[in-house]
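# Summary of the model geometry
Here is what each chain is made of, one letter per residue.
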Amino acid sequence: MRKFLIFIPIIILGCVNKLQEDRLYLKEIKTKNKVIEWFYYSNVSSTSADYVLLYDTLSGKSDTIVKSTNLKDIQLSNDTIILFFYGKPDIYDDYLIIKKTIEYFKIKIDTNSVSKGPMPSRESYLKK
């Protein structure tokens, strides 16, 4: 019984998700004192939601722009963040409503991206 009591804390500590370290980045766009980060969390499941955050480098605060499972790409044009989706924005088959602005950025949604077959593999990287 004591062996189990010793291993339970070890197992729990091993399963704790270190969220910042588990991020696999797809793209970062830097502008002035802001960074737009597009990433997903590393996990074993076949579908992991993508996150797009607006990070303020001065205050260290971030705000979520979108969390979605059908995001194709993000771009920044002047003061407009453009989100490209495969069809209507959704997360696990539930449709999303996305803000039209965040801070001083406008948000534009493009739903015309077409997926030919399964989603293409994406190259991601760890941020150090």
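Preceding this section is the structure that the text describes.
The text that follows walks through the structure, step by step, so that each part is easy to find.

Basis of the calculations
Residues numbered from 1 in each chain as written. Predicted model: local features only at pLDDT ≥ 70, side-chain atom pairs only at ≥ 80, totals over all residues. Heavy atoms only, no water. Helix = DSSP H or I, 4+ residues; strand = E, 2+ residues; numbered from the N terminus. Buried < 20%, exposed > 50% of the residue type's maximum accessible area, 1.4 Å probe, protein only. Contact = heavy atoms within 4.5 Å. Areas by Shrake-Rupley, 256 points an atom, 1.4 Å probe, with all protein chains shown as cover. Polar contact = N/O pair within 3.5 Å; in protein donor to acceptor, adjacent residues only side chain to side chain. Pairing = 2+ DSSP bridges. Phe/Tyr/Trp six-rings, centres within 6.5 Å; stacked < 30°, edge-to-face > 60°. Lys NZ or Arg CZ within 6 Å of the ring centre and 35° of its normal. Core = buried A, V, L, I, M, F, W, Y, C linked by side-chain atoms within 4.5 Å.

### Remarks on the overall build of the protein
Across its full length, the protein carries one helix and 10 strands. Ordered by position in the sequence, the α and β elements of the protein form the string α-β-β-β-β-β-β-β-β-β-β. In the protein, which comprises 128 residues, the share counted as buried stands at 34%. For the protein, the share of sequence-separated contacts (at least 6 apart) that also reach a separation of at least 24 residues comes to 43%. Taken as a whole, the protein presents about 9,100 Å² of accessible surface, with 56% of it coming from carbon and sulfur.

### Concerning the side chain of Arg 23
Looking at the secondary structure, you find Arg 23 in strand β1 (residues 23-31). Reaching out from Arg 23, the side chain makes a polar contact with the side chain of Tyr 25 at a distance of 3.3 Å.

### A look at the pairing of strand β3 (residues 50-56)
For β3, the tally of buried residues reaches six of seven residues, placing the bulk of the element in the interior. Pairing of strand β2 (residues 34-41) with β3, which is carried by seven bridges, proceeds in the antiparallel orientation. The residue of β3 that forms the bridge with Ile 36 is Leu 54. Relative to strand β4 (residues 62-68), β3 runs antiparallel, the two sharing six bridges. For Val 52, the partnering residue across the bridge sits in β4 and is Val 66. Hairpin connection from β3 to β4: five residues lie between these consecutive antiparallel strands, with Gly 60 at a positive phi of about 80°.

### So, the sheet that holds strand β5 (residues 71-77)
One open sheet holds the four strands; their spatial order is β5-β6-β10-β9, and the pairing between them is mixed. Both outer strands of the open sheet, β5 and β9 (101-102), are each paired with one neighbouring strand and no more.

### Notes on the packing of aromatic side chains
How two aromatic rings sit relative to each other is given by the distance of their centres and the angle of their planes. Enumeration according to the criterion identifies five aromatic pairs in this entry. Between the aromatic rings of Tyr 41 and Tyr 51, the centroid separation amounts to 5.1 Å while the plane-to-plane angle is 75°, which identifies the pairing as edge-to-face. A residue pair is termed long-range when its members are at least 10 positions apart, and Tyr 41 in strand β2 and Tyr 51 in strand β3 qualify at 10 residues. Here the aromatic residues Tyr 25, Phe 39, Tyr 41 and Tyr 51 are joined through ring pairs into a cluster of three or more. The ring of Tyr 95 is capped by Lys 88, whose NZ or CZ atom sits 5.4 Å from the centre of that ring.

### So, the nonpolar core
The biggest cluster of nonpolar side chains holds 19 residues, and the ones touching the most others in it are Ile 36, Val 52, Ile 65, Ile 74 and Leu 83. Of all the elements in the fold, those that place two or more residues in this core are β1, β2, β3, β4, β5, β6 (80-85) and β10 (105-110). Core analysis: the next-biggest nonpolar cluster, separate from the first, contains five residues, Phe 39, Tyr 41, Tyr 51 and Leu 53 among them.

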